[in-house]
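Per-entry structural report
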Amino acid sequence: MLVLLGFAMIAVFMVLIMTKKLTPVLALIIVPTIFGLFAGAGLGIGPMVMDSMKSMTSTAALLMFAIIYFGLMIDVGLFDPLVRFILRKLGNDPAKVVVGTAILAAAVSLDGDGSTTFILTTAAMLPVYLRLKMSPVVLTCVAGLANGTMNILPWGGPTARAATALKLDVNDVFVPMVPSLIAGLVVVLVFSWLLGLQERNRLRTVAPEIWGDGGTFEGGTFDGGSAPTGGTGRRASGGKGSTPPAGLPTGGGSVAVLERTEVLVDDHDTAMADTALDPNRKTLRPKLFWFNLGLTVAVMGTLVANIIPLPFVFMVGSAIALLVNFPKVKEQGAQLIAHAPSIVAVVSMVMAAAVLTGVLNGTGMVKAMSEWLVQIIPADMGPFMAIITGVLSIPMTFFMSNDAFYFGVLPVLSETAAHYGVSAADMARASITGQPFHLQSPLVPAILLLVSLANVDLGDHHKKVLWRTGVISLVMLAVGVLTGAIGIG
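Residues numbered from 1 in each chain as written. Predicted model: local features only at pLDDT ≥ 70, side-chain atom pairs only at ≥ 80, totals over all residues. Heavy atoms only, no water.

**What to know about the overall build of the protein**
On a plain count of helices and strands, the protein comes out with 23 helices and zero strands. Contacts spanning at least 24 positions in sequence make up 77% of the contacts within the protein whose residues lie at least 6 apart. Of the accessible surface of the protein, which amounts to about 19,600 Å², a share of 67% is contributed by carbon and sulfur atoms. (Helix = DSSP H or I, 4+ residues; strand = E, 2+ residues; numbered from the N terminus. Contact = heavy atoms within 4.5 Å. Areas by Shrake-Rupley, 256 points an atom, 1.4 Å probe, with all protein chains shown as cover.)

See below:
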(Lines give C-alpha, C1' and ligand atoms only; values in the text may rest on other atoms or scores of the structure.)
Protein backbone atom coordinates (compact mmCIF):
# COMPACT_ATOMS: atom_id res chain seq x y z
CA MET A 1 0.00 0.00 0.00
CA LEU A 2 2.78 2.43 0.95
CA VAL A 3 4.67 1.59 -2.24
CA LEU A 4 1.63 2.35 -4.40
CA LEU A 5 0.86 5.55 -2.52
CA GLY A 6 4.49 6.69 -2.77
CA PHE A 7 4.79 6.22 -6.51
CA ALA A 8 1.30 7.60 -7.09
CA MET A 9 2.09 10.71 -5.04
CA ILE A 10 5.22 11.44 -7.07
CA ALA A 11 3.37 10.84 -10.34
CA VAL A 12 0.45 13.09 -9.42
CA PHE A 13 2.81 15.83 -8.26
CA MET A 14 4.82 15.75 -11.48
CA VAL A 15 1.71 15.73 -13.70
CA LEU A 16 0.15 18.66 -11.86
CA ILE A 17 3.18 20.93 -12.12
CA MET A 18 4.11 19.98 -15.68
CA THR A 19 0.56 20.52 -16.92
CA LYS A 20 0.37 23.73 -14.82
CA LYS A 21 -2.76 22.63 -13.00
CA LEU A 22 -1.12 23.78 -9.75
CA THR A 23 1.85 25.95 -8.92
CA PRO A 24 4.82 24.01 -7.47
CA VAL A 25 4.27 25.53 -4.02
CA LEU A 26 0.64 24.43 -3.86
CA ALA A 27 1.44 21.00 -5.32
CA LEU A 28 4.21 20.47 -2.76
CA ILE A 29 1.75 21.18 0.05
CA ILE A 30 -1.56 19.75 -1.12
CA VAL A 31 -0.52 16.50 -2.85
CA PRO A 32 1.65 15.09 0.00
CA THR A 33 -0.95 16.11 2.58
CA ILE A 34 -3.71 14.18 0.81
CA PHE A 35 -1.56 11.09 0.23
CA GLY A 36 -0.18 11.27 3.77
CA LEU A 37 -3.70 11.15 5.18
CA PHE A 38 -4.50 8.17 2.92
CA ALA A 39 -1.37 6.49 4.30
CA GLY A 40 -2.80 6.77 7.81
CA ALA A 41 -0.66 9.62 9.09
CA GLY A 42 -3.64 11.33 10.73
CA LEU A 43 -2.76 14.15 13.08
CA GLY A 44 0.80 12.84 13.11
CA ILE A 45 1.36 14.46 9.72
CA GLY A 46 2.00 17.79 11.45
CA PRO A 47 5.05 16.63 13.45
CA MET A 48 6.36 14.82 10.34
CA VAL A 49 6.34 18.05 8.37
CA MET A 50 7.75 20.15 11.21
CA ASP A 51 10.66 17.72 11.73
CA SER A 52 11.45 17.96 8.03
CA MET A 53 11.08 21.73 8.05
CA LYS A 54 13.68 22.07 10.82
CA SER A 55 16.30 20.64 8.49
CA MET A 56 15.25 23.15 5.81
CA THR A 57 15.60 26.35 7.82
CA SER A 58 19.33 26.81 7.29
CA THR A 59 18.89 26.20 3.56
CA ALA A 60 16.07 28.74 3.41
CA ALA A 61 18.25 31.29 5.23
CA LEU A 62 21.14 30.63 2.85
CA LEU A 63 18.99 31.13 -0.23
CA MET A 64 17.23 34.19 1.18
CA PHE A 65 20.39 36.12 1.97
CA ALA A 66 22.20 34.87 -1.14
CA ILE A 67 19.38 36.36 -3.23
CA ILE A 68 19.67 39.63 -1.34
CA TYR A 69 23.45 39.73 -1.71
CA PHE A 70 23.72 38.93 -5.40
CA GLY A 71 20.62 40.94 -6.21
CA LEU A 72 22.28 43.90 -4.54
CA MET A 73 25.51 43.31 -6.48
CA ILE A 74 23.54 43.33 -9.72
CA ASP A 75 21.78 46.54 -8.68
CA VAL A 76 25.03 48.37 -7.98
CA GLY A 77 26.56 47.24 -11.29
CA LEU A 78 29.18 44.71 -10.21
CA PHE A 79 28.30 42.31 -13.03
CA ASP A 80 27.78 44.90 -15.78
CA PRO A 81 31.39 44.65 -17.04
CA LEU A 82 31.06 40.85 -17.13
CA VAL A 83 27.86 41.09 -19.17
CA ARG A 84 29.52 43.45 -21.65
CA PHE A 85 32.53 41.12 -21.88
CA ILE A 86 30.29 38.11 -22.56
CA LEU A 87 28.42 40.00 -25.27
CA ARG A 88 31.67 41.09 -26.90
CA LYS A 89 33.03 37.54 -26.93
CA LEU A 90 29.85 35.68 -27.83
CA GLY A 91 28.24 38.33 -30.00
CA ASN A 92 24.50 38.04 -30.45
CA ASP A 93 24.42 34.49 -31.80
CA PRO A 94 21.98 32.49 -29.60
CA ALA A 95 23.86 29.24 -30.25
CA LYS A 96 27.12 30.71 -28.94
CA VAL A 97 25.36 32.29 -25.97
CA VAL A 98 23.80 28.97 -24.91
CA VAL A 99 27.11 27.10 -25.24
CA GLY A 100 28.78 29.90 -23.29
CA THR A 101 26.17 29.43 -20.56
CA ALA A 102 26.99 25.74 -20.32
CA ILE A 103 30.73 26.41 -20.11
CA LEU A 104 30.24 29.09 -17.46
CA ALA A 105 27.94 26.88 -15.36
CA ALA A 106 30.34 23.93 -15.60
CA ALA A 107 33.30 26.10 -14.60
CA VAL A 108 31.55 27.64 -11.61
CA SER A 109 30.32 24.16 -10.60
CA LEU A 110 33.91 23.31 -9.71
CA ASP A 111 33.23 24.81 -6.28
CA GLY A 112 30.76 21.98 -5.63
CA ASP A 113 27.87 24.21 -4.55
CA GLY A 114 24.79 24.26 -6.77
CA SER A 115 23.29 27.40 -5.25
CA THR A 116 26.44 29.44 -5.89
CA THR A 117 26.65 28.10 -9.44
CA PHE A 118 23.09 29.06 -10.27
CA ILE A 119 23.32 32.48 -8.65
CA LEU A 120 26.46 33.45 -10.56
CA THR A 121 25.35 31.90 -13.84
CA THR A 122 21.97 33.62 -13.67
CA ALA A 123 23.50 36.93 -12.63
CA ALA A 124 25.90 36.87 -15.57
CA MET A 125 23.72 35.36 -18.28
CA LEU A 126 20.08 36.28 -17.64
CA PRO A 127 20.56 39.92 -18.70
CA VAL A 128 22.14 38.64 -21.92
CA TYR A 129 19.16 36.34 -22.58
CA LEU A 130 16.73 39.17 -21.98
CA ARG A 131 18.70 41.56 -24.19
CA LEU A 132 18.68 39.07 -27.04
CA LYS A 133 15.05 38.06 -26.45
CA MET A 134 16.05 34.46 -25.73
CA SER A 135 14.01 32.12 -23.53
CA PRO A 136 15.16 31.98 -19.87
CA VAL A 137 13.99 28.34 -19.81
CA VAL A 138 16.94 27.51 -22.05
CA LEU A 139 19.23 29.15 -19.50
CA THR A 140 17.84 27.09 -16.60
CA CYS A 141 17.96 23.92 -18.68
CA VAL A 142 21.60 24.32 -19.70
CA ALA A 143 22.71 25.43 -16.24
CA GLY A 144 20.92 22.43 -14.74
CA LEU A 145 22.54 20.04 -17.21
CA ALA A 146 26.05 21.35 -16.55
CA ASN A 147 25.74 21.53 -12.78
CA GLY A 148 24.08 18.12 -12.51
CA THR A 149 26.86 16.49 -14.52
CA MET A 150 29.57 18.16 -12.44
CA ASN A 151 27.86 17.07 -9.24
CA ILE A 152 29.83 13.81 -9.17
CA LEU A 153 32.99 15.72 -8.19
CA PRO A 154 34.41 14.32 -4.92
CA TRP A 155 33.64 17.51 -3.00
CA GLY A 156 30.16 17.84 -4.49
CA GLY A 157 28.53 15.50 -1.98
CA PRO A 158 27.10 12.37 -3.68
CA THR A 159 30.47 10.74 -4.37
CA ALA A 160 31.55 11.31 -0.78
CA ARG A 161 28.24 9.89 0.47
CA ALA A 162 28.59 6.77 -1.69
CA ALA A 163 32.16 6.23 -0.53
CA THR A 164 31.25 6.74 3.11
CA ALA A 165 28.21 4.46 2.97
CA LEU A 166 30.26 1.61 1.47
CA LYS A 167 33.47 2.36 3.43
CA LEU A 168 35.57 3.20 0.38
CA ASP A 169 38.19 5.84 -0.40
CA VAL A 170 36.50 8.69 -2.26
CA ASN A 171 39.31 8.86 -4.85
CA ASP A 172 38.83 5.16 -5.64
CA VAL A 173 35.23 5.97 -6.50
CA PHE A 174 35.77 9.17 -8.47
CA VAL A 175 38.99 8.77 -10.48
CA PRO A 176 37.81 5.83 -12.63
CA MET A 177 34.68 7.86 -13.41
CA VAL A 178 36.59 10.76 -15.01
CA PRO A 179 35.96 9.41 -18.56
CA SER A 180 32.24 9.26 -17.74
CA LEU A 181 32.37 12.85 -16.48
CA ILE A 182 34.06 14.00 -19.67
CA ALA A 183 31.52 12.13 -21.80
CA GLY A 184 28.70 13.71 -19.82
CA LEU A 185 30.10 17.19 -20.38
CA VAL A 186 30.43 16.52 -24.12
CA VAL A 187 26.75 15.56 -24.24
CA VAL A 188 25.91 18.74 -22.28
CA LEU A 189 27.72 20.84 -24.89
CA VAL A 190 25.96 19.01 -27.73
CA PHE A 191 22.56 19.61 -26.13
CA SER A 192 23.52 23.25 -25.54
CA TRP A 193 24.48 23.78 -29.17
CA LEU A 194 21.24 22.17 -30.38
CA LEU A 195 19.19 24.29 -27.96
CA GLY A 196 21.04 27.35 -29.21
CA LEU A 197 20.21 26.48 -32.82
CA GLN A 198 16.54 26.07 -31.83
CA GLU A 199 16.60 29.52 -30.23
CA ARG A 200 18.27 30.97 -33.32
CA ASN A 201 15.54 29.54 -35.55
CA ARG A 202 12.77 30.60 -33.16
CA LEU A 203 14.00 34.18 -33.02
CA ARG A 204 14.33 34.30 -36.78
CA THR A 205 10.67 33.22 -37.00
CA VAL A 206 9.12 35.42 -34.31
CA ALA A 207 11.10 38.56 -35.19
CA PRO A 208 12.17 38.35 -38.86
CA GLU A 209 12.48 42.13 -39.07
CA ILE A 210 15.22 42.02 -36.41
CA TRP A 211 17.03 38.74 -36.89
CA GLY A 212 18.70 37.77 -40.14
CA ASP A 213 18.73 34.33 -41.73
CA GLY A 214 21.83 33.43 -39.77
CA GLY A 215 20.26 34.25 -36.42
CA THR A 216 22.04 37.60 -36.14
CA PHE A 217 20.87 41.18 -36.44
CA GLU A 218 19.82 42.22 -39.94
CA GLY A 219 22.44 44.40 -41.56
CA GLY A 220 25.21 44.19 -39.01
CA THR A 221 26.67 42.79 -35.84
CA PHE A 222 26.57 43.66 -32.16
CA ASP A 223 29.69 44.03 -30.08
CA GLY A 224 27.99 44.58 -26.71
CA GLY A 225 28.50 48.31 -26.60
CA SER A 226 27.82 49.92 -29.94
CA ALA A 227 24.64 49.89 -31.94
CA PRO A 228 24.24 47.22 -34.62
CA THR A 229 24.43 48.94 -37.96
CA GLY A 230 24.43 48.02 -41.60
CA GLY A 231 25.88 49.58 -44.68
CA THR A 232 23.46 52.51 -44.51
CA GLY A 233 24.16 53.20 -40.87
CA ARG A 234 20.55 52.57 -39.83
CA ARG A 235 19.80 50.74 -36.60
CA ALA A 236 18.96 47.10 -37.04
CA SER A 237 15.61 47.41 -35.30
CA GLY A 238 13.83 49.35 -37.93
CA GLY A 239 13.85 52.11 -40.45
CA LYS A 240 14.14 55.82 -40.26
CA GLY A 241 12.98 57.40 -37.07
CA SER A 242 12.62 54.16 -35.10
CA THR A 243 12.40 54.57 -31.34
CA PRO A 244 12.86 52.16 -28.44
CA PRO A 245 9.79 50.67 -26.77
CA ALA A 246 8.32 52.47 -23.81
CA GLY A 247 9.82 51.61 -20.47
CA LEU A 248 13.31 50.89 -21.74
CA PRO A 249 16.37 53.10 -21.24
CA THR A 250 17.10 55.67 -23.92
CA GLY A 251 20.71 56.53 -23.18
CA GLY A 252 23.95 54.90 -24.21
CA GLY A 253 24.96 52.68 -27.09
CA SER A 254 23.27 49.63 -25.56
CA VAL A 255 19.83 50.95 -26.53
CA ALA A 256 20.02 49.36 -29.97
CA VAL A 257 20.08 45.85 -28.65
CA LEU A 258 16.89 46.58 -26.73
CA GLU A 259 15.04 48.08 -29.66
CA ARG A 260 12.58 45.26 -30.29
CA THR A 261 9.00 45.04 -31.37
CA GLU A 262 7.97 44.18 -27.82
CA VAL A 263 9.18 45.09 -24.36
CA LEU A 264 11.61 42.51 -23.01
CA VAL A 265 10.95 43.19 -19.35
CA ASP A 266 7.62 43.96 -17.72
CA ASP A 267 6.69 45.35 -14.35
CA HIS A 268 6.16 41.86 -12.94
CA ASP A 269 9.72 40.68 -13.46
CA THR A 270 11.71 40.19 -10.28
CA ALA A 271 14.53 42.54 -9.35
CA MET A 272 17.06 39.80 -10.04
CA ALA A 273 15.82 39.53 -13.62
CA ASP A 274 15.62 43.08 -14.87
CA THR A 275 17.92 45.50 -13.07
CA ALA A 276 20.98 44.77 -15.22
CA LEU A 277 19.14 45.88 -18.33
CA ASP A 278 19.20 49.56 -17.44
CA PRO A 279 22.63 51.20 -17.74
CA ASN A 280 21.25 54.36 -16.15
CA ARG A 281 19.59 52.90 -13.05
CA LYS A 282 19.81 54.97 -9.89
CA THR A 283 21.25 52.10 -7.84
CA LEU A 284 24.56 52.04 -9.76
CA ARG A 285 27.61 52.60 -7.57
CA PRO A 286 30.59 52.82 -9.99
CA LYS A 287 32.85 54.42 -7.37
CA LEU A 288 32.36 51.39 -5.11
CA PHE A 289 33.10 48.81 -7.83
CA TRP A 290 36.42 47.66 -6.39
CA PHE A 291 35.02 47.49 -2.86
CA ASN A 292 32.07 45.38 -4.04
CA LEU A 293 34.38 43.15 -6.08
CA GLY A 294 36.67 42.64 -3.08
CA LEU A 295 33.72 41.90 -0.81
CA THR A 296 32.34 39.36 -3.29
CA VAL A 297 35.72 37.65 -3.64
CA ALA A 298 35.95 37.47 0.15
CA VAL A 299 32.44 36.00 0.41
CA MET A 300 33.14 33.39 -2.28
CA GLY A 301 36.51 32.55 -0.74
CA THR A 302 34.86 31.95 2.61
CA LEU A 303 32.27 29.75 0.93
CA VAL A 304 34.93 27.59 -0.70
CA ALA A 305 37.00 27.40 2.50
CA ASN A 306 33.87 26.27 4.37
CA ILE A 307 35.11 27.68 7.67
CA ILE A 308 31.89 29.51 8.57
CA PRO A 309 28.29 28.32 8.09
CA LEU A 310 27.14 29.46 4.66
CA PRO A 311 23.93 31.21 5.76
CA PHE A 312 25.91 33.38 8.18
CA VAL A 313 28.43 34.26 5.47
CA PHE A 314 25.69 35.69 3.27
CA MET A 315 24.00 37.37 6.21
CA VAL A 316 27.16 39.29 7.07
CA GLY A 317 27.99 39.94 3.41
CA SER A 318 24.51 41.33 2.75
CA ALA A 319 24.67 43.54 5.82
CA ILE A 320 28.05 45.02 4.85
CA ALA A 321 27.01 45.51 1.22
CA LEU A 322 23.80 47.27 2.21
CA LEU A 323 25.52 49.48 4.78
CA VAL A 324 28.28 50.64 2.42
CA ASN A 325 26.30 50.99 -0.81
CA PHE A 326 23.11 52.34 0.74
CA PRO A 327 23.95 54.12 4.00
CA LYS A 328 20.48 55.65 4.39
CA VAL A 329 17.92 53.55 6.26
CA LYS A 330 15.19 54.33 3.71
CA GLU A 331 17.43 53.11 0.85
CA GLN A 332 18.24 49.91 2.73
CA GLY A 333 14.56 49.17 3.21
CA ALA A 334 13.86 49.89 -0.44
CA GLN A 335 16.53 47.41 -1.51
CA LEU A 336 15.11 44.65 0.67
CA ILE A 337 11.64 45.29 -0.70
CA ALA A 338 12.96 45.31 -4.27
CA HIS A 339 14.15 41.70 -3.94
CA ALA A 340 11.12 40.46 -2.03
CA PRO A 341 9.52 38.69 -5.05
CA SER A 342 12.58 36.48 -5.58
CA ILE A 343 12.91 35.80 -1.86
CA VAL A 344 9.27 34.82 -1.38
CA ALA A 345 9.31 32.59 -4.47
CA VAL A 346 12.30 30.50 -3.46
CA VAL A 347 11.85 30.38 0.32
CA SER A 348 8.18 29.40 0.01
CA MET A 349 9.13 26.47 -2.26
CA VAL A 350 11.85 25.33 0.13
CA MET A 351 9.42 25.37 3.03
CA ALA A 352 6.72 23.66 0.95
CA ALA A 353 9.20 20.93 -0.06
CA ALA A 354 9.40 20.04 3.64
CA VAL A 355 5.82 18.73 3.37
CA LEU A 356 6.78 16.30 0.62
CA THR A 357 9.96 15.05 2.30
CA GLY A 358 8.24 14.88 5.70
CA VAL A 359 5.42 12.71 4.37
CA LEU A 360 7.75 10.48 2.34
CA ASN A 361 9.97 9.79 5.34
CA GLY A 362 7.44 10.00 8.16
CA THR A 363 4.94 7.57 6.67
CA GLY A 364 7.66 5.10 5.69
CA MET A 365 6.95 5.47 1.96
CA VAL A 366 10.63 5.93 1.05
CA LYS A 367 11.70 2.82 2.95
CA ALA A 368 8.85 0.74 1.52
CA MET A 369 9.57 1.88 -2.03
CA SER A 370 13.30 1.12 -1.79
CA GLU A 371 12.71 -2.32 -0.24
CA TRP A 372 10.17 -3.17 -2.94
CA LEU A 373 12.60 -2.22 -5.69
CA VAL A 374 15.29 -4.45 -4.18
CA GLN A 375 12.87 -7.38 -3.92
CA ILE A 376 11.65 -7.26 -7.52
CA ILE A 377 15.11 -7.61 -9.04
CA PRO A 378 15.29 -11.16 -10.51
CA ALA A 379 18.06 -13.43 -9.23
CA ASP A 380 19.46 -13.99 -12.72
CA MET A 381 20.05 -10.24 -12.99
CA GLY A 382 22.42 -10.38 -10.02
CA PRO A 383 25.65 -10.03 -12.05
CA PHE A 384 24.26 -6.80 -13.54
CA MET A 385 23.50 -5.23 -10.16
CA ALA A 386 25.86 -2.29 -10.79
CA ILE A 387 24.09 -1.40 -14.05
CA ILE A 388 20.70 -1.87 -12.39
CA THR A 389 21.79 0.39 -9.55
CA GLY A 390 22.88 3.06 -12.03
CA VAL A 391 19.50 2.95 -13.75
CA LEU A 392 17.61 2.95 -10.43
CA SER A 393 19.63 5.93 -9.20
CA ILE A 394 18.01 8.10 -11.87
CA PRO A 395 14.43 8.03 -10.57
CA MET A 396 15.20 7.17 -6.95
CA THR A 397 17.48 10.12 -6.28
CA PHE A 398 14.84 12.33 -7.91
CA PHE A 399 12.10 11.59 -5.38
CA MET A 400 14.29 11.05 -2.32
CA SER A 401 17.24 12.87 -0.83
CA ASN A 402 20.80 11.81 -1.52
CA ASP A 403 21.19 10.88 2.12
CA ALA A 404 18.19 8.55 1.96
CA PHE A 405 19.46 6.87 -1.19
CA TYR A 406 23.16 6.56 -0.40
CA PHE A 407 22.84 5.66 3.27
CA GLY A 408 19.54 3.77 3.11
CA VAL A 409 19.22 2.08 -0.28
CA LEU A 410 22.75 1.73 -1.67
CA PRO A 411 24.13 -0.45 1.18
CA VAL A 412 21.24 -2.92 0.69
CA LEU A 413 21.82 -3.06 -3.05
CA SER A 414 25.58 -3.42 -2.55
CA GLU A 415 25.16 -6.27 -0.09
CA THR A 416 22.95 -8.08 -2.59
CA ALA A 417 25.45 -7.44 -5.40
CA ALA A 418 28.32 -8.89 -3.37
CA HIS A 419 26.72 -12.35 -3.66
CA TYR A 420 27.18 -12.11 -7.44
CA GLY A 421 30.79 -10.90 -7.40
CA VAL A 422 30.03 -7.22 -7.96
CA SER A 423 32.37 -5.07 -5.84
CA ALA A 424 31.30 -2.22 -3.59
CA ALA A 425 33.41 0.19 -5.68
CA ASP A 426 31.50 -0.76 -8.83
CA MET A 427 28.22 -0.15 -7.03
CA ALA A 428 29.37 3.21 -5.68
CA ARG A 429 30.49 4.41 -9.12
CA ALA A 430 27.25 3.30 -10.75
CA SER A 431 25.16 4.98 -8.06
CA ILE A 432 26.48 8.48 -8.84
CA THR A 433 25.55 8.41 -12.53
CA GLY A 434 22.01 9.49 -11.71
CA GLN A 435 23.12 12.85 -10.33
CA PRO A 436 22.33 14.92 -13.47
CA PHE A 437 18.70 13.82 -13.08
CA HIS A 438 18.72 14.18 -9.28
CA LEU A 439 19.70 17.85 -9.44
CA GLN A 440 16.41 18.69 -11.18
CA SER A 441 14.29 17.41 -8.30
CA PRO A 442 11.97 19.86 -6.52
CA LEU A 443 13.49 18.47 -3.32
CA VAL A 444 16.81 20.12 -4.26
CA PRO A 445 16.76 23.73 -2.99
CA ALA A 446 19.33 24.87 -5.57
CA ILE A 447 17.04 24.08 -8.51
CA LEU A 448 14.22 26.00 -6.84
CA LEU A 449 16.61 28.93 -6.55
CA LEU A 450 17.54 28.68 -10.23
CA VAL A 451 13.99 28.76 -11.57
CA SER A 452 13.04 31.54 -9.16
CA LEU A 453 15.93 33.79 -10.15
CA ALA A 454 15.23 33.23 -13.84
CA ASN A 455 11.48 33.71 -13.30
CA VAL A 456 10.82 30.34 -14.94
CA ASP A 457 8.03 27.91 -14.12
CA LEU A 458 9.33 24.66 -12.63
CA GLY A 459 7.07 22.63 -14.92
CA ASP A 460 8.48 24.36 -18.01
CA HIS A 461 11.99 23.68 -16.75
CA HIS A 462 11.20 19.99 -16.21
CA LYS A 463 9.70 19.60 -19.69
CA LYS A 464 12.92 20.76 -21.27
CA VAL A 465 15.52 19.34 -18.90
CA LEU A 466 14.37 15.95 -17.58
CA TRP A 467 14.73 13.79 -20.69
CA ARG A 468 18.06 15.41 -21.47
CA THR A 469 19.44 14.71 -18.00
CA GLY A 470 18.17 11.15 -18.33
CA VAL A 471 20.20 10.76 -21.52
CA ILE A 472 23.30 12.23 -19.86
CA SER A 473 22.98 9.84 -16.89
CA LEU A 474 22.65 6.83 -19.19
CA VAL A 475 25.63 7.95 -21.28
CA MET A 476 27.76 8.31 -18.14
CA LEU A 477 26.66 4.84 -17.01
CA ALA A 478 27.42 3.32 -20.42
CA VAL A 479 30.88 4.91 -20.59
CA GLY A 480 31.57 3.66 -17.07
CA VAL A 481 30.73 0.13 -18.15
CA LEU A 482 32.76 0.38 -21.37
CA THR A 483 35.85 1.69 -19.55
CA GLY A 484 35.60 -0.93 -16.83
CA ALA A 485 34.90 1.57 -14.06
CA ILE A 486 31.53 -0.15 -13.53
CA GLY A 487 32.00 -3.90 -13.64
CA ILE A 488 29.72 -6.86 -14.23
CA GLY A 489 29.85 -9.80 -11.85
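What follows continues from the structure just given.
**Some details on the environment of Ile-486**
Following the sequence through the fold, Ile-486 ends up in the segment after helix H23 (458–482). Apart from the residues within four sequence positions on either side, Ile-486 is in contact with Met-177, Ala-386, Asp-426, Arg-429, Ala-430, Thr-433, Leu-477, Gly-480 and Val-481.

**Describing the packing of helix H3 (residues 45–75) against helix H14 (residues 310–325)**
Viewed as axis vectors pointing N to C, H3 and H14 meet at an angle of 30°, and their least axial separation amounts to 8 Å. When the axes of H3 and H14 are compared, the pair comes out roughly parallel. By crossing handedness, the relation of H3 to H14 is classed as left-handed. Counting all contacts with H3, which are made through Ser-58, Ala-61, Leu-62, Phe-65, Ala-66, Ile-68, Tyr-69, Phe-70, Leu-72 and Met-73, the residues of H14 involved are Leu-310, Pro-311, Phe-314, Met-315, Gly-317, Ser-318, Ala-321, Leu-322 and Asn-325. Here the residues of the contact of H3 with H14 are counted per class, giving 15 nonpolar, four polar and no charged. (Axes fitted to C-alpha atoms, helices over the stretch in contact; angles between N-to-C directions. Parallel < 35°, antiparallel > 145°, perpendicular 65-115°, else oblique. Left-handed = near helix turned anticlockwise from the far one by under 90°. Nonpolar A, V, L, I, M, F, W, Y, C, P; charged D, E, K, R; others polar.)

**A few points about helix H5 (residues 94–108)**
Taking 1.5 Å per residue, 15 residues should reach 21 Å; H5 reaches 21 Å between its end C-alpha atoms and fits that length. Burial runs high along H5: eleven of the 15 residues are buried. Turning to H5, its buried residues number three or more, namely Pro-94, Ala-95, Val-97, Val-98, Val-99, Gly-100, Thr-101, Ala-102, Ala-105, Ala-106 and Val-108. In this structure Asp-93 caps H5, since a side-chain oxygen of it lies 3.1 Å from the backbone nitrogen of Ala-95. (Expected span 1.5 Å × (residues − 1). Buried < 20%, exposed > 50% of the residue type's maximum accessible area, 1.4 Å probe, protein only. Polar contact = N/O pair within 3.5 Å; in protein donor to acceptor, adjacent residues only side chain to side chain.)

**Notes on unusual backbone geometry**
The backbone phi angle of Lys-133 is positive, close to 65°, even though this residue is not glycine. Tracing the backbone shows Lys-133 in the loop between helix H6 (114–131) and helix H7 (136–150). Judged by its relative accessible area of 14%, Lys-133 falls in the buried class. Even without being a glycine, Asn-455 presents a positive backbone phi close to 55°. Along the polypeptide, Asn-455 turns up in the loop between helix H22 (445–453) and H23. Asn-455 sits in the partly exposed class, given a relative accessible area of 42%.

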